[in-house]
Amino acid sequence: MKKTLILSLSLFFFMVLPLASVEAQPKKIKIVSTTGQITDIVRIIGGDHVLVHGLMGPGVDPHLYKASESDVRKLANAQIIFYNGLNLEAKMSVIFQKMHRKLMVVAVSDKVPVNFLLDSVDYKGHYDPHIWFDLHLWKLCVEKIRDSLIEYDADHSDEYEKRANDYLKEIDKTHDYISKRSQELEENQRVLVTAHDAFRYFGRKYGFEVVGLQGISTESQAGAADVMRLADFITKRKIKALFVESSVPERNIKAVVEAVRSRNWDVKIGGELFSDALGDRGTVEGTYLGMVTHNIDTIVDSLK
Ligand SMILES: [Zn+2]
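Residues numbered from 1 in each chain as written. Predicted model: local features only at pLDDT ≥ 70, side-chain atom pairs only at ≥ 80, totals over all residues.

J.: Now, about the overall build of the chain: what can you tell me, with residues and values included?
T.: The helix and strand tally for the chain stands at 10 helices and 8 strands. Projecting the C-alpha coordinates of the chain onto the three principal axes gives extents of approximately 100 × 40 × 35 Å. Counting all 304 residues of the chain, 38% fall into the buried class. Sequence separation of 24 or more characterises 66% of the internal contacts of the chain that already satisfy a separation of 6 or more. (Helix = DSSP H or I, 4+ residues; strand = E, 2+ residues; numbered from the N terminus. Buried ≥ 20, exposed ≤ 12 C-beta atoms within 10 Å, placed from the backbone. Contact = placed C-beta atoms within 7 Å.)

Encoded structure:
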């Protein structure tokens, strides 16, 4: 009698409980992504089927980011890795190459045709990686994320498709908003001066002349000559405002402001833009669409 009880109890634990726990918690796809703007999209398209760990939080500069030991462990345990590519995450390319042999490693910029890419001014033979600021190019990256999820998990393709379609429509709406707000500025007011050259795609798409103190990577340090050159430019063109970026130290931009003031022109810091990193999670700027909306509002309100 006792034996039977033990046997049936152990059968219960071995057979029924594991099944129950599997049913209660469907397996999620483990994903590691690099920048906040990619992480946001993967979470939205993946929904309940993915568990996403974003490596780069608010204020983190992807050009200089080096993977920590714990990052490498997380990357190795992932099923899919999403990164920007075009050498944005310059210090991580070797790791991605290694991981590529074992798991699905996806550069979201893969689908963007080369003729839409801007050449890097500072790095010959490379392209400018800041493609998320041309919203139509970023749609191709959203599609790349959608297609990769469908390839990995075809069972839920309908859901990925539906969520991607809804999101692509939201991007179109935000694109229209950015275009409309840009038109509030006269053509000669549309000059965007920032800490580094992150906004060239934005400038091309929405008709802004774009000038960065540092080049397209923050690796190249701005020197005194760059500060003087930019101060001359701002004074000559009588530009009202320049902008700091959440992922780049402010001190260089402050040096430019001082240099402009010594030339008897008063330029103000128009606010903080989110260039290579999102804002805090849970805030408007903590999402991709919130980031680009915040940027255009800050730019237009300061330059008007
Ligand atoms: Zn950048």
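J.: Explain helix α6 (residues 157-182) to me, and be specific about the residues and the numbers.
T.: Across its 26 residues, α6 extends 37 Å between first and last C-alpha, which sits within 8% of the 38 Å expected from 1.5 Å per residue. For α6, the set of buried residues is Tyr-160, Ala-164, Tyr-167 and Ile-178. Where the residues of α6 are buried, they touch α2 (36-46), α5 (135-152), α7 (200-206) and α10 (288-303). (Expected span 1.5 Å × (residues − 1).)

J.: Can you explain the sheet that holds strand β1 (residues 29-33)? Please cite residues and give values.
T.: In spatial order, the strands read β2-β1-β3-β4; together these 4 strands make up an open sheet with parallel pairing. A strand with exactly one partner marks an edge of an open sheet, and here the two such strands are β2 (50-54) and β4 (104-107). Between one strand and the next, the sheet's axes are offset by a mean angle of 20°, whatever the strand orientation. Relative to strand β3 (residues 80-83), β1 runs parallel, the two sharing 3 bridges. Considered in β3, the bridge of Val-32 is made with Ile-81. Each of β1, β3 and β4 touches α5; the most contacted strand, β4, lies at about 165° to it. (Pairing = 2+ DSSP bridges. Axes fitted to C-alpha atoms, helices over the stretch in contact; angles between N-to-C directions.)

J.: Which residues make up the nonpolar core, and what values do they have?
T.: By size, the foremost hydrophobic cluster in this structure holds 72 residues, and its most contacted members are Val-42, Ile-45, Ile-81, Phe-82 and Ile-145. Sort the elements by how many residues they give to this core and α5 lands first, with 7 residues. Residues from two domains meet in this core; each of domain 1 (29-178) and domain 2 (180-303) gives at least three. In this structure Val-42 touches Ile-31, Ser-33, Val-50, Val-52, Phe-82 and Ile-145, once residues within four positions along its chain are discounted. (Core = buried A, V, L, I, M, F, W, Y, C linked by C-beta atoms within 7 Å. Domains from an automatic or database assignment.)

J.: Help me get a handle on α10, residues and values and all.
T.: Helix length check: α10, at 16 residues, gives a terminal C-alpha distance of 23 Å against a target of 22 Å (1.5 Å per residue), a fit within 8%. Residues of α10 that are buried make contact with α2, α5, α6, β5 (191-196), β7 (241-245) and β8 (268-273).

J.: Account for the pairing of β1, with residues named and values stated.
T.: Pairing geometry for β1 and β2, over 5 bridges, is parallel. Note that in β2 the partner of Ile-29 across the bridge is Val-50.

J.: Describe the domain arrangement of the chain, and please don't skip the residues or the numbers.
T.: Looking at the assigned domains, one finds that the chain contains domain 1 (29-178) and domain 2 (180-303). The interface is formed by 31 residues belonging to domain 1 together with 32 residues belonging to domain 2. Where the side of domain 1 that touches domain 2 is concerned, the elements lending two or more residues are α2, α5 and α6. The dominant element in the side of domain 1 that touches domain 2, judged by the number of residues it contributes, is α6, at 5 residues. Split by residue class, the side of domain 1 that touches domain 2 holds 16 nonpolar, 8 polar and 7 charged. (Nonpolar A, V, L, I, M, F, W, Y, C, P; charged D, E, K, R; others polar.)

J.: So what's going on with unusual backbone geometry? Residues and values would help.
T.: Phi is positive for Leu-86, close to 55°, though the residue is something other than glycine. Residue placement: Leu-86 occurs in the loop between β3 and α4 (93-100). In this model, Lys-238 sits at a positive phi of 50°, which is unusual for a non-glycine residue. If you trace the backbone, Lys-238 turns up in the loop between α8 (224-237) and β7.

J.: Can you lay out the packing of α5 against α6 for me, pointing to particular residues and giving the numbers?
T.: Here α5 crosses α6 at 170°, and the two axes come no closer than 10 Å. When the axis of α5 is compared with that of α6, the two are roughly antiparallel. From α5, Leu-135, His-136, Trp-138, Lys-139, Val-142, Glu-143, Arg-146, Leu-149 and Ile-150 reach across to α6, where they touch Ser-157, Tyr-160, Glu-161, Ala-164, Tyr-167, Leu-168, Ile-171, Thr-174, His-175 and Ile-178. Of the residues contributing to the contact of α5 with α6, the split by class is 11 nonpolar, 4 polar and 4 charged. (Parallel < 35°, antiparallel > 145°, perpendicular 65-115°, else oblique.)

J.: Pulling in residues and values, what's your account of the packing of α8 against helix α9 (residues 251-261)?
T.: Across the interface, α8 lies against α9 with an axial gap of 9 Å and an inter-helix angle of 50°. Between α8 and α9, the crossing angle belongs to the class labelled oblique. At the point where α8 passes α9, the crossing takes the right-handed sense. Contacts from Val-227, Met-228, Leu-230, Ala-231, Ile-234 and Thr-235 of α8 reach α9 at Asn-252, Ala-255, Val-256, Ala-259 and Val-260. (Left-handed = near helix turned anticlockwise from the far one by under 90°.)

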